[in-house]
Amino acid sequence: MKLLALHLTNVRKFTGKRASITGIGDGLTVVSEANEFGKSTFFDAIHALFFEKYSATAKTVKSLQPYAGGAVEVAAEVETDQGVFRVEKRFLSRKGAKIIRQSDAAIVAQDDEAERWIKEVLGQDGTGPAGLLWVRQGLVGLEPDAAAEKALLIDTRRDLLSSVAGEIDAMTGGRRMDRVMRRVAQDLSEITTATGKKSGAWKTAAEDVAQLEQDLALVTEQVRDLDAALTARKQAESTLTRLDDPVAKARREAARKQAQDAMDAATAQSQKMATARGAQDLAALHAKNATRELSGFLTAVDSLTAAEAEAEAAKQAARDADAIVARRRADHDTAQSAQDASALAVATTRKQLEAARQQIDARKAKGDAARLTDLIAKATAAMAGRDAARARVTASKATSAWLADVDKAGAALQTLEATVQAQSTTLSMAYTGAVQLRLNGAAVPADHPIALDALSEIDIPGVGRMTLRAPSSGRAAKHQLATAQSRLIELLALAGAETLDQARQLASARQDAARTASGADDMLDLLAPDGIDALRQALAEAALAAKLADDAPLPALADLDSALSEALATDTNAQQAHSRAAKAHAAARDVSIRSHAAVAAADKALNAARGAVGAEDNREARRTALLLAVAQTDTALSAAKEAVAELATDARDLATAEAELTRATDAIDSTAALRAKTDRTLAELSSKIEERAGNGIEERCSELEGKLLSAQATELGLARRAAALTCLRDALSAQRNAARDTYFGPVQAELTPLLSILHRNATLSFDSKTLLPSGLTRDLDDETLDNLSGGTREQIAILTRLAFARLFAKQGRRMPIVLDDALVYSDDDRIIKMFTALTRVAQDQQILVFSCRQLAFQDLGGARPMVTVSDA
């Protein structure tokens, strides 16, 4: 099928209009127009004409309707093997479709029959290759986004490749292989997921096995519990028999009585030992106290001698420290007096220096006051002159602009006067006497020509009145002259002038006044840059400071500064000497205080030593008595130790006797507790056994074992089926992958020369699922399609469509390639190469290109059809 012409009526922007593209060539045809011309509208309309039913109301159809509404009409003139036909469809209103044979204008099909005719032309189910070869605006990749449309195009490509590669169609990559693999995939999908996990019947069987295993494990555990309970009950009955044996019971009672007797004897023996050890401890305490008292007495005697010597030494040190404190206090008093004198000298000298400096400042302020008074007088006079000059400037209207207007009016008046004089009769007088003529009541000047009006009266004193009638020529000039005179008089009157000279004098006077005012401002800026008020404030401050000025002679500041420096040096030395004396005095007082504290401490230690020793005449008798007490307590301690040793020879072990009694008692108590516990256990086990035996646990266990074996067999069968199907799928896939080069050979053969135009020695790898290029190999580097730039992906997509178009053509299914605003991401070099590829394919293939890049696509060549828009 070839497109010959396209016609749109009332479609989108062509509201109420008919838009047509005619003269579409057999090879490459380019429609290159500006944005918003309607190129995408033509593309969408073609798509609706061939792929949407005339009765459709889908979004793609409604989008063709303009805002004003109405029916949408799309028509195309096409050429098939049967001739030239016109395909027409009317959408949304009075819907319909027609196929008209152009040779005799006969309608060969209408409505649904027309739709079937279109499907036959497109091939297969009506989608045919057009959906693969027509690329709408904005589609950069090889596939559309919609899943349904994507799956449809995969089937189209698969049918094409399987048909072209017929020699391997048996079971290596053609349609029969596809059907088998689809059946395998369908059967496998019924029992597994896409990732190979269990699903469907296999998952159900596996879940049944897991549930039965869980139930069987629970029942088996219950059976085990029943067997354990029976065994435990038998053991409990045996334990009761053993615990109730009378011989063993008598033996335990006899052992407890024997242990109690031994415990009583050991307790009596222990009490005697405790009494003897108490007597021993008391004797030892007495001996220790006697020894400690003797040792303390002897130590106190030695301490008394040392304390007496230390007390005398401390008193002598205190007396020496007091003498030093007295000397240091005298030195401090002397330094204090010297410091007071030096400080007074510094203060006196500073006061004299300050008074001298104050007097200097006051005398300077007196001079400043006189200078400021003169400045204020001059500034006041300058201000008065400035204000008077400004007043004259303000009062005068004789501005420069006014003077310019006056001069202009005067010049115009002179010009008009000359004009009037040239056009009028004039009167000129040269007087020889005192008599003067009057013209129309005004004196006639001497030697000054006067233009005469049409009727003039001249009074001649002593003679009479002369009437002159002059010609009427120059009336317009005279009128302009009168107007100019009035204008000049009005301008002069604005500033109070009567003549031009007077006007110039007034303007000059105003300029002088302005210069005077400006000069006065400059003088004020010089005399009082901050204003007269600032001068007056400074004068007030200077006058106040000048009141302290007198005429007494001033001492030299250098002498006063020198005297102050000497006084400061003397004062600094005095302060340092005073500081040293104060520190020495404080240190001496600290030594004295510590010395007296040492005397007090020595006296306290001496009194304590005397109190510990006692009176001197009783010391020897006390020493003898203490020695006797030590000897007596040592004898008593030896006797107590011998008594304890004698009792220890026959002592019984109380702890062992107590442990034996505890063991015998615990044996009787634990036996009673064990019997009570065994009774309870026996009752619980009997109850549990009755409950388990009544529920038929063993029968339930056998039943579950049978069901589990059956479920495991079912699950195993499904697992083997899944494994077999997976193995078959993998084998078929491996076989098809092995034959993939042969399968994709035809499209690779068409694509390789086109690809070499862009990339020399480059190859494309194909995906066996999508049947589209998935990677590009160039310069020995493999790149996935997703990692390529947008421009490269776009170029490969178009080249792939060109290759598929050539395959369709070889099958006798020629379809035009339609590209809407393609190659938008290609650079200048690549786009020229793509133009070459398009031109190569267009030698025996119809290609229709829509583009808004008018300048770039000028290099593409091809036919340029006629595009017309007219009223519908």
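Residues numbered from 1 in each chain as written. Predicted model: local features only at pLDDT ≥ 70, side-chain atom pairs only at ≥ 80, totals over all residues. Heavy atoms only, no water.

Caption draft 1: Region of interest: the overall build of the chain. Check the secondary structure of the chain and you find 20 helices and 20 strands. For 872 residues, the compact-globule formula gives about 29 Å, and the C-alpha radius of gyration of the chain, at 70 Å, lies well above that figure. In terms of its C-alpha atoms, the chain occupies a principal-axis envelope of roughly 200 × 140 × 55 Å. Sequence separation of 24 or more characterises 73% of the internal contacts of the chain that already satisfy a separation of 6 or more. Accessible surface, the chain: about 49,600 Å² in total, of which carbon and sulfur atoms supply 53%. Of the charged side chains in the chain, 110 are positive and 120 negative, and the gap between their average positions amounts to 4 Å. (Helix = DSSP H or I, 4+ residues; strand = E, 2+ residues; numbered from the N terminus. Rg over C-alpha atoms; globule rule 2.2 N^0.38 Å. Contact = heavy atoms within 4.5 Å. Areas by Shrake-Rupley, 256 points an atom, 1.4 Å probe, with all protein chains shown as cover. Lys, Arg positive; Asp, Glu negative; His and termini not counted. Charge placed at Lys NZ, Arg CZ, Asp CG, Glu CD.)

Caption draft 2: Structural view of the sheet that holds strand β10 (residues 438-439). One open sheet holds the 4 strands; their spatial order is β11-β10-β13-β14, and the pairing between them is antiparallel. Both edges of this open sheet fall to β11 (442-443) and β14 (464-469), since each of them pairs with a single strand only. In this sheet, β11 lies alongside β10 in antiparallel orientation, the contact comprising 2 bridges. Each bridged residue has a counterpart across the sheet, and for leucine 439 the counterpart in β11 is alanine 442. (Pairing = 2+ DSSP bridges.)

Caption draft 3: Representation of the sheet that holds strand β1 (residues 2-11) in the model. A sheet is described by the order of its strands in space; here 7 strands give the open sequence β7-β6-β5-β4-β1-β2-β20, paired in antiparallel fashion. With one partner strand each, in any of the chains shown, β7 (106-110) and β20 (866-871) form the two edges of the open sheet. For this sheet the average axis-to-axis angle between neighbouring strands, irrespective of direction, equals 20 degrees. In this sheet, strand β4 (residues 72-80) lies alongside β1 in antiparallel orientation, the contact comprising 7 bridges. (Axes fitted to C-alpha atoms, helices over the stretch in contact; angles between N-to-C directions.)

Caption draft 4: Fine view of the pairing of strand β13 (residues 455-460). By the bridge criterion, 2 bridges tie β10 to β13 in an arrangement that is antiparallel. By the bridge assignment, arginine 438 is partnered in β13 with aspartate 459. Relative to β14, β13 is paired through 6 bridges, and the arrangement is antiparallel. Each residue of the ladder has a partner; that of glutamate 457, found in β14, is threonine 467. Where β13 hands over to β14, the hairpin turn is made up of 3 residues, of which glycine 462 adopts a positive phi near 80 degrees.

Caption draft 5: Region of the structure containing the packing of helix α8 (residues 246-395) against helix α13 (residues 557-613). Where α8 meets α13, the axes come as close as 4 Å, and the angle between the chain directions of the two elements is 165 degrees. One finds that α8 runs roughly antiparallel with respect to α13. As for the relative orientation of α8 and α13, their crossing is left-handed in sense. Class assignment of the residues belonging to the contact of α8 with α13 gives a composition of 41 nonpolar, 14 polar and 14 charged. (Parallel < 35°, antiparallel > 145°, perpendicular 65-115°, else oblique. Left-handed = near helix turned anticlockwise from the far one by under 90°. Nonpolar A, V, L, I, M, F, W, Y, C, P; charged D, E, K, R; others polar.)

Caption draft 6: Seen up close, the packing of helix α18 (residues 745-758) against helix α20 (residues 828-841). Where α18 meets α20, the closest approach of the two axes is 8 Å, and the angle between their N-to-C directions is 155 degrees. Here α18 lies roughly antiparallel to α20, going by the angle between them. The handedness of the crossing between α18 and α20 is right-handed. Here Pro753, Leu754, Ile757 and Leu758 of α18 lie close against α20, whose contacting residues are Arg830, Lys833, Met834, Thr836, Ala837, Arg840 and Val841. The residue makeup of the contact of α18 with α20, split by class, is 7 nonpolar, 1 polar and 3 charged.

Caption draft 7: How the structure looks around the side chain of glutamine 795. Relative to the helices and strands, glutamine 795 resides in helix α19 (residues 790-810). Among the residues examined, glutamine 795 registers a relative accessible area of 1% and is labelled buried. Those residues in contact with glutamine 795 that lie beyond four places of it in its chain are Leu758, Leu823, Ser826, Arg830 and Met834. (Buried < 20%, exposed > 50% of the residue type's maximum accessible area, 1.4 Å probe, protein only.)

Caption draft 8: Just the confidence of the model for the chain, in detail. Here the chain shows a mean pLDDT of 82. Residues at 70 or above account for 90%. Overall, residues 126-132 carries pLDDT values under 50, and its contacts beyond four positions in sequence, including any with other chains, amount to 24 contacts. (pLDDT = per-residue confidence, 0-100.)

Caption draft 9: Quick peek at the nonpolar core. Residues Leu3, Leu6, Phe42, Phe50, Val78, Ile99 and Leu848 are the most contacted members of the largest nonpolar core, which totals 39 residues. At 7 residues, the largest contribution of residues to this core is made by helix α1 (residues 39-51). By size, the runner-up hydrophobic cluster in this structure holds 38 residues, among which are Phe766, Leu785, Phe808 and Val841. (Core = buried A, V, L, I, M, F, W, Y, C linked by side-chain atoms within 4.5 Å.)

Caption draft 10: Inspection of unusual backbone geometry at higher detail. At arginine 12, a position not held by glycine, the phi torsion is positive, near 50 degrees. Following the sequence through the fold, arginine 12 ends up in the loop between β1 and β2 (14-22). Taking relative accessible area as the criterion, arginine 12 reaches 22% and is therefore assigned partly exposed. One non-glycine residue, glutamate 36, adopts positive backbone phi at about 65 degrees. Here glutamate 36 lies in the loop between β3 (28-32) and α1.

Caption draft 11: Geometry of α1. For α1, spanning 13 residues, the distance from its first C-alpha to its last is 18 Å, which sits close to the expected 18 Å at 1.5 Å a residue. Counting buried positions along α1 gives 11 out of 13 residues, so the element sits mostly inside the fold. Within the span of α1, buried status applies to Lys39, Thr41, Phe42, Phe43, Asp44, Ala45, Ile46, His47, Ala48, Leu49 and Phe50. (Expected span 1.5 Å × (residues − 1).)

Caption draft 12: Spotlight on the environment of arginine 793. Within the element layout of this structure, arginine 793 appears in helix α19. In sequence terms arginine 793 and leucine 776 are 17 residues apart; their C-alpha atoms lie 9.9 Å from each other.

Caption draft 13: Highlighting the environment of threonine 499. Structurally, threonine 499 is set in the loop between α10 (475-494) and α11 (500-527). What makes threonine 499 partly exposed here is its relative accessible area of 42%. In the structure, threonine 499 is positioned 11 residues away from leucine 488 in sequence and 9.1 Å away in space, judged by C-alpha atoms. At 3.1 Å, the side chain of threonine 499 and the backbone nitrogen of glutamine 502 are in polar contact. (Polar contact = N/O pair within 3.5 Å; in protein donor to acceptor, adjacent residues only side chain to side chain.)

Caption draft 14: Representation of helix α3 (residues 111-122). Taking 1.5 Å as the rise per residue, α3 with 12 residues should run 16 Å; its terminal C-alpha atoms sit 17 Å apart, in good agreement. When we look at burial in α3, the residues that qualify are Ala114, Glu115, Trp117, Ile118 and Leu122. Relative to the axis of α3, the buried residues are bounded by an arc of 160 degrees and lie together on one face. (Arc of directions from axis to C-beta.)

Caption draft 15: Spatial organisation of the pairing of strand β16 (residues 773-778). As judged from the 4 bridges shared by strand β15 (residues 763-766) and β16, these two strands associate in the antiparallel manner. Within β16, the residue paired with phenylalanine 766 across the bridge is proline 773. Once β16 ends, the chain turns through 2 residues before running back antiparallel as strand β17 (residues 781-784), passing aspartate 779 with a positive phi of about 55 degrees.

Caption draft 16: Structural detail: the environment of valine 74. Along the polypeptide, valine 74 turns up in strand β4. The buried category is assigned to valine 74, whose relative accessible area is 3%. Taking C-alpha positions, valine 74 is 6.4 Å from alanine 45, a pair spaced 29 residues apart along the chain. Excluding residues that lie within four positions of it along the chain, valine 74 makes contacts with His7, Val11, Ala45, Leu49, Val87, Glu88, Lys89 and Phe91.

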